[in-house]
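The residues making up each chain are set out below.
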Amino acid sequence: MPSDKLVQSRARALSSPLRLRILRLCLHESRTNKEIADILDLNPATSLHHVRTLVSNGYLAAEEPRRGNRGAKEVPYRSTKQSWGTRIPDAAPMLVDTFLQEIEGLDPQEIQVIRLGLKLNEENQKELMSRLRAVIEDYAVRDPDPDGVATSLFLAHHLDITGNARDRQ
């Protein structure tokens, strides 16, 4: 079982929308620090700081170095998929920020959205979330489709603000 210090370090490593975006970029394709910096419009030194944090916590793994366009040695990184099982306390605001950054600049037609209002008791809420998690877990552990397109899924379940204190219980 990991020590408290290690658990805290790993959670801190995932507490940045930028680091989560780096992990997403390296999920299906190895990328060098320069490629990551270019895609995210970052200074390479800033990108490298975040890449090193992810590597030191086991979320990114360095692959065999390769030669870049000018012959320089470049290290590609790939996500280890370890972040999927890491629980981050109070992650909702950071995950929403990450989602908003990832969809910035997309055409609205490139975003599929489902929104539904429900009124469920605690038992049915737990059942709903359990069933959704099971479906998501099933897809999370599958190998990527060779002919697939990289996409992301963001799901949020929250209380409605209705002005009625009884509804918030």
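The structure we're discussing is the one just above.
Small disclaimer: the values here were computed from a predicted structure and weren't measured.

Conventions and cut-offs
Residues numbered from 1 in each chain as written. Predicted model: local features only at pLDDT ≥ 70, side-chain atom pairs only at ≥ 80, totals over all residues. Heavy atoms only, no water. Helix = DSSP H or I, 4+ residues; strand = E, 2+ residues; numbered from the N terminus. Contact = heavy atoms within 4.5 Å. Pairing = 2+ DSSP bridges. Expected span 1.5 Å × (residues − 1). Polar contact = N/O pair within 3.5 Å; in protein donor to acceptor, adjacent residues only side chain to side chain. Buried < 20%, exposed > 50% of the residue type's maximum accessible area, 1.4 Å probe, protein only. Arc of directions from axis to C-beta.

Novice: An account of the environment of R24 is needed here, citing residue identities and associated values.
Specialist: Relative to the helices and strands, R24 is located in helix α2 (residues 17-25). In the structure, R24 is positioned 14 residues away from R10 in sequence and 17 Å away in space, judged by C-alpha atoms. Look past the residues within four positions of R24 in its chain and what remains in contact with it is E102 and S152.

Novice: Explain the sheet that holds strand β2 (residues 60-62) to me, and be specific about the residues and the numbers.
Specialist: Here we have 3 strands laid out as an open sheet, ordered β1-β5-β2, and antiparallel in their pairing. Two strands lie at the open edges of the sheet, namely β1 (31-32) and β2, each paired on one side alone. As paired strands, β2 and strand β5 (residues 76-79) are joined by 3 bridges and run antiparallel to one another. Among the inter-strand pairings, A62 is bridged to a residue of β5, identified as Y77.

Novice: Describe in detail helix α6 (residues 122-140), supporting the description with residues and values.
Specialist: With 19 residues, α6 ought to run about 27 Å at 1.5 Å a step, and its terminal C-alpha atoms sit 26 Å apart, in line with that. Its side-chain oxygen 3.2 Å from the backbone nitrogen of E123, N121 forms the N-cap of α6.

Novice: Would you mind going over helix α3 (residues 33-40) in detail, with residue names and values included?
Specialist: Within α3, burial applies to N33, I36, A37 and L40. Projection of α3 onto a plane perpendicular to its axis shows the buried side chains occupying an angular sector of 95°, all on one side. At its buried positions, α3 is contacted by α2, β1, α4 (44-56) and β5. Where α3 ends, the next residue or the one after it, D41, has phi of about 55°, a positive value.

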